[in-house]
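# Topology and contacts: notes
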Amino acid sequence: MDFERFIFYFFAAVLVFAAGRVITVRNPVHAALHLVLAFFTCAALWLLLEAEFLAIALVLVYVGAVMVLFLFVVMMLDINVSPLREGFIRYLPVGLSVAALIVIEMFLVVRARNFGADAVAIPARHGADYSNTRELGSVLYTDYVYPFEIAAVILLVAIIAAIVLTMRRRPGTKHQNPVDQVAVKSSDRVRLVKMKAEERQ
Amino acid sequence: MVEFWELIREPVFIVLKIVAIVAPLMLAVAYLTYAERKIIGYMQVRIGPNRVGPRGWLQPIADALKLLMKEIIVPSSANRFLFLIAPMLSIAPALAAWAVMPFTDTLVLADIDASLLYILALTSMGVYGVIIAGWATNSKYAFLGAMRSAAQIVAYEIAMGFALVGVLIAGGSLNLREIVLAQQGSLLHWFWLPLFPLFIIYFISGVAETNRAPFDVAEGESEIVAGFHVEYSGMAFAVFFLAEYANMILIAALAALMFLGGWLSPFEGTWFESWFTWVPGVFWLLAKTSLFLFFFLWLRATFPRYRYDQIMRLGWKVFIPITIVWLVVEGAAVMADIGPWFD
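## Considerations on the overall build of chain B
A tally of regular secondary structure across chain B gives twelve helices and zero strands. Overall, chain B shows an N-to-C arrangement of helices and strands of α-α-α-α-α-α-α-α-α-α-α-α. The C-alpha radius of gyration computed for chain B amounts to 21 Å, which stays within 12% of the reference 20 Å derived for 343 residues, consistent with globular compactness. Scored against the burial criterion, the 343 residues of chain B give a buried share of 51%. Within chain B, contacts between residues separated by at least 24 positions form 78% of all contacts whose residues are at least 6 apart in sequence. Within the structure as shown, chain B displays about 15900 Å² of accessible surface, and the carbon and sulfur contribution to it stands at 71%. The distance from the centre of the 20 positive side-chain charges to the centre of the 24 negative ones in chain B is 14 Å.

## What to know about the overall build of chain A
When its secondary structure is counted, chain A shows ten helices and zero strands. Along chain A, helices (α) and strands (β) appear in the sequence α-α-α-α-α-α-α-α-α-α when read from the amino end. Against the compact-globule benchmark of 17 Å for 201 residues, chain A has a radius of gyration of 29 Å, which places it well outside the compact range. By principal-axis analysis of the C-alpha atoms, chain A measures approximately 105 × 55 × 40 Å. Classification of the 201 residues of chain A by burial places 16% in the buried group. Long-range contacts, defined here as pairs at least 24 residues apart, represent 56% of the contacts in chain A between residues at least 6 apart. By element, 67% of the accessible surface of chain A is carried by carbon and sulfur atoms, the whole surface being about 16800 Å². Each charge class in chain A was averaged separately, 19 positive and 16 negative side chains, and the resulting centres sit 15 Å apart.

## Things to note about the environment of Pro-304 of chain B
Here Pro-304 of chain B is to be found in the loop between helix H11 (281–302) and helix H12 (308–335). Along the chain, Pro-304 of chain B and Leu-254 of chain B lie 50 residues apart, while their C-alpha atoms are 26 Å from each other.

## Regarding the side chain of Glu-36 of chain B
In this fold, Glu-36 of chain B is placed in helix H1 (residues 2–43). Ignoring sequence-local partners within four residues, the contact set of Glu-36 of chain B consists of Gly-41, Arg-212, Tyr-245, Leu-297 and Arg-300 of chain B.

## As for a nonpolar patch on the surface
Side chains of Ile-104, Phe-107, Leu-108, Val-109, Val-110, Phe-115 and Val-120 of chain A sit close together on the surface and give an oily, nonpolar patch of about 710 Å² of accessible area. Its place among the elements puts Leu-108 of chain A in helix H5 (residues 88–109).

## Here's the deal with the interface of chain A and chain B
Every contact between the two is made by 26 residues of chain A and, on the other side, 26 residues of chain B. Roughly 2100 Å² of surface becomes buried between chain A and chain B when both sides are summed, with 76% attributable to carbon and sulfur atoms. The interface formed by chain A and chain B includes zero salt bridges. Counting only elements with at least two residues in the side of chain A that touches chain B, the list comes to helix H2 (28–48), helix H3 (52–76) and helix H7 (132–140) of chain A. With 14 residues, the single largest contributor to the side of chain A that touches chain B is H3 of chain A.

## Considerations on the nonpolar core
Grouped together as the largest cluster of nonpolar side chains are 112 residues, with contacts concentrated most on Trp-98, Met-101, Tyr-128, Tyr-202, Leu-254 and Met-258 of chain B. Among the elements that take part in this core, helix H10 (residues 234–259) of chain B stands out by supplying 18 residues, more than any other.

## Topic: the pattern of salt bridges
Residues and elements named next belong to chain B. Going through the model one piece at a time under the given rule, you end up with six salt bridges over all chains. A salt bridge links Glu-36 to Arg-300; the nearest nitrogen and oxygen atoms lie 2.6 Å apart. Placement of the pair is Glu-36 in helix H1 and Arg-300 in helix H11, with a sequence separation of 264 residues. With a relative accessible area of 4%, Glu-36 lands in the buried category.

## Topic: the confidence of the model for chain A
Confidence along chain A averages 84 in pLDDT terms, with 95% of residues attaining 70 or more. When pLDDT is averaged over each helix and strand of chain A, the minimum, 63, is found for helix H4 (residues 81–85) of chain A and the maximum, 92, for helix H8 (residues 145–166) of chain A.

## Some thoughts on unusual backbone geometry
Residue and element names in this part refer to chain B. Even without being a glycine, Val-45 presents a positive backbone phi close to 55°. As for its placement among the helices and strands, Val-45 is situated in the loop between H1 and helix H2 (59–69). One non-glycine residue, Asn-138, adopts positive backbone phi at about 60°. Tracing the chain through its elements places Asn-138 in the loop between helix H5 (127–137) and helix H6 (140–171).

## Here we look at the packing of aromatic side chains
Residues and elements named next belong to chain B. Evaluation of the coordinates by the stated rule reveals 27 aromatic pairs over all chains. Between Phe-83 and Tyr-232 the ring centres are 4.1 Å apart and the planes differ by 5°, which places this aromatic pair in the stacked class. Taken together, the residues span a long stretch of sequence, with Phe-83 in helix H3 (residues 80–96) and Tyr-232 in the loop between helix H9 (221–224) and H10 at a distance of 149 residues. Each member of the pair Phe-83 and Tyr-232 is classed as buried. Seen from their ring centres, Phe-292 and Phe-295 are 6.2 Å apart, and the 65° between their planes marks the pair as edge-to-face. With a gap of three residues between them, Phe-292 and Phe-295 both fall in helix H11, about one helical turn apart. In this structure an aromatic cluster arises from ring pairing among Trp-192, Phe-196, Phe-199, Tyr-202, Phe-203, Phe-259, Phe-292, Phe-294, Phe-295, Phe-296 and Trp-298.

## Details of the packing of H6 of chain B against helix H8 (residues 196–209) of chain B
Residue and element names in this part refer to chain B. Close contact between H6 and H8 brings their axes to 9 Å; oriented N to C, the two are set at 150°. By the angle between their directions, the pair H6 and H8 is classed as roughly antiparallel. Between H6 and H8 lies a crossing whose hand is left-handed. Where H6 approaches H8, its residues Gln-152, Ile-153, Tyr-156, Glu-157, Ala-159, Met-160, Ala-163, Leu-164 and Gly-166 are matched on the opposing element by Leu-198, Ile-201, Tyr-202, Ser-205, Gly-206, Ala-208 and Glu-209. Here the contact of H6 with H8 is composed, by residue class, of ten nonpolar, four polar and two charged.

Analysis parameters
Residues numbered from 1 in each chain as written. Chains lettered and ligands numbered in written order. Predicted model: local features only at pLDDT ≥ 70, side-chain atom pairs only at ≥ 80, totals over all residues. Heavy atoms only, no water. Helix = DSSP H or I, 4+ residues; strand = E, 2+ residues; numbered from the N terminus. Rg over C-alpha atoms; globule rule 2.2 N^0.38 Å. Buried < 20%, exposed > 50% of the residue type's maximum accessible area, 1.4 Å probe, protein only. Contact = heavy atoms within 4.5 Å. Areas by Shrake-Rupley, 256 points an atom, 1.4 Å probe, with all protein chains shown as cover. Lys, Arg positive; Asp, Glu negative; His and termini not counted. Charge placed at Lys NZ, Arg CZ, Asp CG, Glu CD. Patch = residues over 30% accessible without salt bridge, like charges linked within 9 Å, V, L, I, M, F, W, Y side chains within 5 Å. Salt bridge = Lys/Arg side-chain N within 4 Å of Asp/Glu carboxyl O. Buried area = accessible area lost by both parts, 1.4 Å probe. Core = buried A, V, L, I, M, F, W, Y, C linked by side-chain atoms within 4.5 Å. pLDDT = per-residue confidence, 0-100. Phe/Tyr/Trp six-rings, centres within 6.5 Å; stacked < 30°, edge-to-face > 60°. Axes fitted to C-alpha atoms, helices over the stretch in contact; angles between N-to-C directions. Parallel < 35°, antiparallel > 145°, perpendicular 65-115°, else oblique. Left-handed = near helix turned anticlockwise from the far one by under 90°. Nonpolar A, V, L, I, M, F, W, Y, C, P; charged D, E, K, R; others polar.

Here's what the structure looks like:
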């Protein structure tokens, strides 16, 4: 077994373990932390595929920002696990049928005939001067420019929708106006009064 | 025997190079704490530490020994595993980021293609140490500190990322070495001039990312005692401290590389350029880094702590719009081939 294969199996084992713990562990904070570990090992696996840009972007976006916000919310919730487990038997048939459906769908798409060693040629290793970032950029902005722009617009719509849905205008709340605060002069706040010294009693 | 040596030669050399980076870094961290106490002392018309060794030079050594000897206390209601792993999670990214730092044109441990992105990704992971420490401690003060830190870092990371986008447009590369080489010419060729707003925003965001004053609400002594590390003692506390100062040095070195021409001599392109050719490039890089580190300390001695809502307003409503506007300006400058930076 060469070193690269060893690295692959090591990270793959960690990834499977972490992904399993995400759904089996009881504490939601621990589950979120295992998800972080899963993302991180996944990025390491992508590095082996020479997808350096995507690997670092995964760490930057998902580990560095999304999961931080996730933890932020999960840590503030006080989730009591036992009510969540009520009705486990009742919902089991529905859950199992959904899971079975997903497994069948995945089997139809991701199977050896479509993705096996016969169907897809094993990609050759690129040279040291190959820049994954440059390749990705040039493909993204030439061949796939319209799908890329459409995806960007959809994201923008989602951002605006999220803001509109959560924005509440509450009348009567007090808040400062920073422009006014900065523009304040000492003469607006303190009045110096000249007066004669009083007689000593 | 020879074959065995051939096999382990490269790993051994890499480990030696790592030691050659980390050991001076740790020393720099130790003496940065000394410099901080001295400089802030003089700014406040005090003398600062002057008892241990001549002029207090051995003070950081004494501090480190004291912290090494102290007991590490784990609170009884804390999550023991996460409590102990949090300091490691905070120092590991702070040190790993140095792997791609170019000290001169040739002196770099790992000259990877996307080194700027790598550093951004690793510095964004440093927040986990803070969050996990705050949560695992199981104390209100620590938890408040962690929550503040998380919100602050997410807010300022966006502005920081946009500032870096400006740098990589101007440098035409994600590789730090090539970004520095793109600034060759003279002091006016450096990117601080065409990217001035991004330069300022990058540095201020860097101060916020490292939780330094005036953005140190995560520690906030007057409100939440010491924030996320309130229950840490001994070496566990020292590791948080090391990570914070290593991050400060990292931000300062990055600012020097990306906006002040890194190891390039400031006298390039002037008539007395040849007088300074004997100065090694590392010296210029360290001098510029020290300048930014001085700004860190100067800010701490000068400004009162920001209020939390003001921090959020500055990050989201001021910095991010400015960076986006300047990216548009820069794009126009690139299209118009405005020299000497964008031609």
